[in-house]
Amino acid sequence: RRPERLRQPGGNVDAERFLSEVLLPVSRGETACVRRYDCHQDALLAPEAFPPRPVSIMEGVYSMHPLLSAYYDLRLFCRIDPALQQERILTRNGEEMLPMFLNRWIPLENAYFSAYPIEQNCDLIIDSTQH
C-alpha cells in the first residue's frame, strides 16, 4: 500500500499475488493455496487449499485487472445502480462504514473502470441500472 502503488488504477489490490497463488495454479489444474487478506487485521490469513475443480469462479471488482483477465474462459460484468450499491453497502457494512466506501473505495473503483476497458472486455453484462 505504498503511495506510488495506490496512485495506479487497481493498485490497491495485489493482482500479482492473486495471479501467482490462484490463477496460475488453477490454470495448470493444480491446488491453489489462497491467503485471504483481512482488512480489519491488516494481515494475510493462513493459507487455505482449493483443489482443482471443473469450474472455478473468480469474482470481485478487481478480478478483471489486465494482469488477470487473460486467464478466464468467460468474463461477466455487473453494472449496479448507485442507489442500490449504497443500499447494499449499508446493509452489509452499516452506516458507520458508508462514508469510507463513498469517499475511498468507490472512487478507486471508478478510477479503475475509467483506466481500463473492463466492461468492454466482458462476454456478458448484467445490468441492474435498468428497471
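Please read all numbers here as calculations on a predicted model, not as lab measurements.

Reading guide: rules and limits
Within any chain, residue numbers begin from 1 and follow the written order of that chain's sequence. Where totals are concerned, whole chains, interfaces and linings use all residues; where local detail is concerned, this predicted model gives features only for residues with pLDDT of at least 70, and gives and counts side-chain atom pairs only at 80 or more. Excluded from the side-chain calculation are hydrogens and water; included are all heavy atoms of the structure. Think of it this way: any DSSP run of H or I at least four residues long counts as a helix, any run of E at least two long counts as a strand, and we number them from the N terminus. Note on exposure labels: buried denotes an accessible area under 20% of the residue type's maximum, exposed denotes more than 50%, and partly exposed covers the range between, all computed with a 1.4 Å probe on protein chains only. We call two N or O atoms a polar contact when they sit within 3.5 Å, provided that within protein one can donate a hydrogen and the other can accept it, with sequence-adjacent residues counted only if both atoms are side-chain atoms. A side-chain nitrogen of Lys or Arg and a carboxyl oxygen of Asp or Glu constitute a salt bridge if their distance falls within 4 Å.

A. Focus on the side chain of Asn 12. Examined against the element boundaries, Asn 12 turns out to sit in the loop between helix 1 (3–6) and helix 2 (15–27). The exposure class assigned to Asn 12 is buried, which follows from its relative accessible area of 12%. Here the side chain of Asn 12 touches Tyr 62 through a polar contact of 3.4 Å, side chain to side chain.

B. Main features of the pattern of salt bridges. Scanning all chains against the criterion turns up 10 salt bridges. Its salt-bridge partner being Arg 2, residue Glu 4 comes within 2.9 Å of it at the nearest N-O pair. A salt bridge links Arg 17 to Glu 21, with the nearest nitrogen and oxygen atoms 3.1 Å apart. Placement of the pair is Arg 17 and Glu 21 together in helix 2, with a separation of 4 residues, close to one helical turn. Take Glu 21: its relative accessible area is 14%, and that puts it in the buried class.

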